[in-house]
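Here's the letter readout for the chains.
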Amino acid sequence: MDNRRKVILDVDTGSDDAVAIMAAVCAPELEVLGICSVAGNLPIDNTTENTLRVVQMLGADVPVYRGASGPLVAQLNPLRQDMAPRKKPVFVESRGRMVRVHNEYLDLPAATIKTQDLPAAMFIVDTVRKSKEKVTLLPVGPLTNIALALKLDPTIVNNIDEIIIMGGGHAVFNTTSAAEFNIWFDPEAAEIVLQSGANITLLPLDATHAASLSLDDAKALRGLGTKTGTFAAELLEHRIEVFSAMKQALRDDIAPVHDALVVCAAIDPSVLTDVRFMRVDVDCGGGYADGQTLCDTRALPTKPRNCHVALDADPQKFASMLLKYFSKS
Ligand code: RIB
Ligand code: CA
């Protein structure tokens, strides 16, 4: 009896997405049914190529499905998001050169493996419909593919065990003064998912920043002497350098690895240390707060509660889980 948790990753790879993919594939507790790419950190061609590069490096027999090339509607109105322009991406000067959180291509050999023919949203619908056990979705980029799947067949909610989302912010934001990137990039998709009736756990920046990893953690990952440990260390060191230059971390020697925390939470929820059942909605108004996750913390929220929100997490436990998963290869 295979009692591994069946998961589908949805990624906009991306440096932290790459760590999440490695953790999910290496963790013995998970069965990765497929990995879907989506536009977000980078255009769909880049996020897809980067996803393939990570899977290829792992030598993993995990299918990759190409997903949506942009948000559902957010980019149709040229004036939208001018009200609260996101901080200009994305380069910042560090040590005499321009750097960015997500390089166009991961520093891995170009992919020779290919994506499957089926579009990502259709893979999600088909796989969830056919699975004999409930499937867990792990979206760590904009929620476009997940929303499309739920619109194609809303009944798949009945065979979804949990949707664990990296996205949103309660008191921590990164893209505008009110929004986190994954949600800001496709607010309507996020609202569709939040209203779907699925069992949702949201990991906003409040949790992922609380679980920030340090240069010491990077040193420990390198010390594993494995390709996954070394690559994770390279990505973490890069993120720490850029976050320090952007002044986006609480200290100069740490950085969040947002997406990998979702994978660890899918394996051991105790890595999240303050989880509250709330009503959350997304502002799709196109104004200053476009893409904000409005967390109703009142004892009597206006509308029914719809997701469990993690407001804190344990960096030591997070680091120890990654060290375990990257210790083998
Ligand atoms: O805001 C952080 C999120 O945006 C992460 O998923 C990162 O990869 C980017 O997609
Ligand atoms: Ca991501």
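Structure report, in brief. Nothing here was measured: the structure is a model prediction, and the numbers come from that model. (Residues numbered from 1 in each chain as written. Chains lettered and ligands numbered in written order. Predicted model: local features only at pLDDT ≥ 70, side-chain atom pairs only at ≥ 80, totals over all residues. Heavy atoms only, no water.)

### Some details on the pairing of strand β6 (residues 135-139)
This is how it is decided: Think of it in three bands: residues with accessible area under 20% of the maximum for their type are buried, residues over 50% are exposed, and the middle band is partly exposed, with areas taken using a 1.4 Å probe on protein chains only. Counting from the N terminus, the helices are the DSSP runs of H or I reaching at least four residues and the strands are the DSSP runs of E reaching at least two. Here a strand pair is declared whenever DSSP counts at least two bridges between the two strands.
Along β6, five of the five residues are buried, which leaves the element largely enclosed by surrounding structure. By the bridge criterion, four bridges tie strand β1 (residues 5-11) to β6 in an arrangement that is parallel. Along β6, the bridge assignment pairs Leu9 with Leu138. Sheet topology places β6 next to strand β7 (residues 160-166); three bridges connect them, and they run parallel. For Thr136, the partnering residue across the bridge sits in β7 and is Glu162.

### Some details on the environment of Ala120
Heads up, the rule is: Every residue pair with non-hydrogen atoms within 4.5 Å of one another is taken to be in contact.
Here Ala120 lies in helix α3 (residues 120-130). In the structure, Ala120 is positioned 108 residues away from Asp12 in sequence and 13 Å away in space, judged by C-alpha atoms. Not counting the four nearest positions on each side in its chain, Ala120 is found in contact with Cys36, Ser37, Tyr65, Arg66, Gly67 and Asn145.

### Describing the pairing of strand β2 (residues 30-37)
This is how the line gets drawn: Here is how to tell: hold the view so the strands point away, follow the path from the first strand over the helix to the second, and if it runs clockwise the crossover is right-handed.
In terms of burial, β2 is a largely internal element, eight of the eight residues being buried. Summarising the sheet, β1 and β2 pair through seven bridges and their orientation is parallel. Across the sheet, Arg5 pairs through a bridge with Leu30, a residue of β2. As a crossover connection, the stretch from β1 through helix α1 (residues 15-26) into β2 is right-handed. Bridge analysis of β2 against strand β3 (residues 64-65) gives two bridges, and the strand direction is parallel. Looking across to β3, one finds that Cys36 is bridged to Tyr65. For the crossover that starts at β2, traverses helix α2 (residues 44-58) and ends in the parallel β3, the hand is right-handed.

### Focus: the site of ligand 1
What counts, and what does not: When at least one non-hydrogen atom of a residue lies within 4 Å of a molecule or strand, that residue is treated as near it. Throughout this description, a polar contact denotes any pair of N or O atoms lying within 3.5 Å of each other; where both atoms belong to protein, one of them has to be capable of donating a hydrogen while the other can accept it, and for residues adjacent in sequence the pair is counted only when both atoms sit in side chains. To be clear on the numbers: accessible area is Shrake-Rupley with a 1.4 Å probe, and residue cover counts the displayed protein chains and nothing else. Each residue is assigned to one class: nonpolar for Ala, Val, Leu, Ile, Met, Phe, Trp, Tyr, Cys and Pro, charged for Asp, Glu, Lys and Arg, and polar for all the others, Gly among them.
Around ligand 1 sit 13 residues, and of these Asp16, Val140, Asn174, Glu180 and Asp259 come closest. In this structure, an oxygen atom belonging to ligand 1 sits 2.9 Å away from a side-chain N or O atom of Asp12. The contact in question runs from an oxygen atom of ligand 1 to an N or O atom on the side chain of Asp17, over 3.0 Å. The protein chains hide 96% of the 280 Å² of surface that ligand 1 would expose on its own. Going through the elements one at a time, α1, α5 (181-185) and α10 (258-267) are the ones with two or more residues in the shell around ligand 1. Of the residues that constitute the shell around ligand 1, the class distribution is three nonpolar, five polar and five charged.

### Section: the pattern of salt bridges
Put simply, the rule is: Whenever Lys or Arg places a side-chain nitrogen within 4 Å of a carboxyl oxygen from Asp or Glu, that contact is recorded as a salt bridge.
In this structure the tally under the stated criterion is 21 salt bridges. Here Arg5 and Glu162 are joined by a salt bridge, their closest N and O atoms 2.7 Å apart. Within this pair, whereas Arg5 is found in strand β1, its partner Glu162 is found in strand β7, the two being separated by 157 residues in sequence. Judged by relative accessible area, Glu162 falls into the buried class, the value being 14%. When the shortest N-O distance is used, the salt bridge between Glu49 and Arg53 registers 2.6 Å. In this pair, Glu49 and Arg53 are both assigned in helix α2, four residues apart and thus about one turn of the helix distant.

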